[in-house]
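Residues per chain, in single letters:
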Amino acid sequence: MVWERQQGQGGQGSWRDEGRSREGAVRMVRRSRRRKLPKFTGLCGREEGLRVKRSCPSCGPEPGGEEKKGRGNPISFQLFPPELVEHIVSFLPVRDVVALGQTCHYFHEVCDAEGVWRRICRRLSPRLREQGSGVRPWKRAAILNYTKGLYFQAFGGRRRCLSKSVAPLLAHGYRRFLPTKDHVFILDYVGSLFFLKNALVSSTLGQIQWKRACRYVVLCRGAKDFASDPRCDTVYRKYLYVLATREQPGVVGTTGSRACDCVEVYLQSSGQRVFKMTFHHSMSFKQIVLVGQETQRALLLLTEEGKIYSLVVNETQLDQPRSYTVQLALRKVSRCLPHLRVACMASNQSSTLYITDQGGVYFEVHTPGVYRDLFGTLQAFDPLDQQMPLALSLPAKILFCALGYNHLGLVDEFGRIFMQGNNRYGQLGTGDKMDRGEPTQVPYLQCPIALWCGLNHSLVLSQGSDFSKELLGCGCGAGGRLPGWPKGSASFVKLHIKVPLCACSLCSTRECLYMLSSHDIEHNPSYRDLPASRVVGTPEPSPGAGAPQDPGGAARACEEYLSQIHSCPTLQDRMEKMKEIVGWMPLMAAQKDFFWEALDMLQRAAGGGGPGPPPPES
């Protein structure tokens, strides 16, 4: 009975607790309903606010939108003030702004406005206060500063991954770079030359490790170009030659100053200037390259008019505190061929390559061994006249080139790659190891972005149809210089390395592989489509070959050329079209120069100037 009484008392208490819990649950449900009601109304209002028209704002209202109930009235982005939309868009990342501009015409105009890119540029580079040059200066400056980067991958060690160097905030994009033994030099688009140093830094674990390009200083400003020892081994790059513009005081009796070009020599280990050469204010240069040994270092300077001047210095005496005068002379390629306008130059230790504005290629070889490797014979080599330029026979206009120690690569206007020279390690990428004494096309490579030739290997940076980039290499793979292919390859193979999306140039040393990332919206070279007479599979006529197998191909091409000339309205346009067609024809460089000079004479005679001789050189 006691047990039942206790059980009854306990049951009565449990009933009381159950009643209280039910009342508490009802109160909690009512409170939750009260709280959910304003949240629901807020969500409804937010949903109605999000019901903005998602099609193009300039295409009118959505068809059938009024018949749909419960959606509210559609709101167009054009109802907002343009300043407000631009201000909102300016907070997006650069990648998202570009993607948003590809959705419709309205957002294309909004995302292309200079006000948006000015705010983005100020956010990326707070110290950039002046707009750059070009049609869209702020957009160009913002994209240059967003895509700039220097990436490298060391060949030795356990960690073989792609790393990124320090990015100077003062740099306005990256235009050129040059690695040396201990440092990297970078030139931006406003003429500032940066000195990136390797240093010992402490890691997160407290260990001291050697890190590449982790600190930087500004070496000089107003630089146009720079060069160092042209050999592939960075040990020999002791001095850095910088072509710059400096303000010089005027002559006595005049006020103001004049801008003069000069060459400043810096010690690459410390960045200290040890020598300076100043030229007359009437001479303006745009490129500098070096050739020769230390005791007879020749500096080749390219003027804005396409002429080449040279001077010789002795590097062993540069660090001595004295002044002396050097003689600046016109190079033989500009003295013997005054009608040529050189567009760019490339050099190595014992040879120099010139590319004219019409796409012709001329060569200077100074040693018999390199001449034999490049041309396969010593028949035309003159040891007493090493500066005599040699014309290369090419089927089309050449855009850019890469020059190694004993081989070279050329890229024409149709995106084809031609290789020539020594092929002992398969560095030409032709699939075999036979030397080539004339330019030979690599058939399976098209439209490269960059080309680099080293001591005994070659690298090509290419881009796919989906805008993804990959790095191809051939030649000797010793020392890890071809990642993923330690035994090398006689044909171009894909290397096991991650390539940045905006990579534009590359360079390889004994210790490391460097890739420069930068995108200039105003410098986007595009290749031309190959004419029908030069499609893949049609062999190019060689000088020593017999009759071509397809005799009707050249005739059809000539008929097409004549129709293009006939469609030009004026005589001047026909002359210009004829010059362009001469560049397309598979003629020797000397023949192309003859036809171009003859057409220039005819054009001057038709214009009333008379076919007089070219002006004498000063």
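Residues numbered from 1 in each chain as written. Predicted model: local features only at pLDDT ≥ 70, side-chain atom pairs only at ≥ 80, totals over all residues. Heavy atoms only, no water.

- An unreviewed UniProt entry annotates the protein as F-box protein 24 of Propithecus coquereli.

A word on the pairing of strand β28 (residues 512–517)
Now for step 1: Within β28, six of the six residues are buried, which leaves it mostly tucked inside the rest of the structure.
Now for step 2: Burial along β28 is two-sided: C512, Y514 and L516 facing one way and L513, M515 and S517 facing the other are all buried.
Now for step 3: Bridge analysis of strand β1 (residues 149–154) against β28 gives six bridges, and the strand direction is antiparallel. Along β28, the bridge assignment pairs A154 with C512.
Now for step 4: Taken together, the five bridges between strand β27 (residues 503–508) and β28 define a ladder with antiparallel strand orientation. Paired with S505 across the bridge in β28 is L516.
Now for step 5: What sits between β27 and β28 in their antiparallel hairpin is a turn of three residues. (Buried < 20%, exposed > 50% of the residue type's maximum accessible area, 1.4 Å probe, protein only. Helix = DSSP H or I, 4+ residues; strand = E, 2+ residues; numbered from the N terminus. Pairing = 2+ DSSP bridges.)

Overview of the packing of helix α5 (residues 114–124) against helix α6 (residues 137–147)
Now for step 1: Two elements in contact, α5 and α6, have axes whose closest approach is 8 Å; the angle formed by their N-to-C orientations is 35°. The interaxial crossing formed by α5 with α6 has left-handed handedness. Judged by residue contacts, E114, W117, R118, I120, C121, R122 and L124 of α5 engage P137, W138, K139, A141, A142, I143 and Y146 from α6.
Now for step 2: Residue composition of the contact of α5 with α6, grouped by class: ten nonpolar, no polar and four charged. (Axes fitted to C-alpha atoms, helices over the stretch in contact; angles between N-to-C directions. Left-handed = near helix turned anticlockwise from the far one by under 90°. Contact = heavy atoms within 4.5 Å. Nonpolar A, V, L, I, M, F, W, Y, C, P; charged D, E, K, R; others polar.)

Considerations on the nonpolar core
Now for step 1: With 28 residues, the main nonpolar core has L150, F177, L459, L471 and L506 as its most contacted residues.
Now for step 2: Those elements that place two or more of their residues in this core are β1, β4 (183–187), β5 (193–202), β23 (448–453), β24 (457–463), β27 and β28.
Now for step 3: For this core, the element with the highest residue contribution is β28, accounting for five residues.
Now for step 4: Once you skip the residues sitting within four places of it in the chain, L506 turns out to touch F177, A450, W452, L459, L461, L471, Y514 and M515. (Core = buried A, V, L, I, M, F, W, Y, C linked by side-chain atoms within 4.5 Å.)

Section: the sheet that holds strand β10 (residues 272–278)
Now for step 1: Read from one edge to the other, the open sheet built from four strands follows the order β7-β8-β9-β10, with strand pairing classed as antiparallel. Strand pairing shows two members of the sheet lacking a second neighbour, β7 (223–227) and β10, which therefore form its edges. Strand-to-strand twist of the sheet, defined as the mean angle between neighbouring strand axes without regard to direction, takes the value 30°.
Now for step 2: Two strands pair when backbone bridges link them, and β7 and strand β8 (residues 239–249) are joined in this way by four bridges, in the antiparallel orientation. Pairing of A223 across the sheet is with A244, part of β8.

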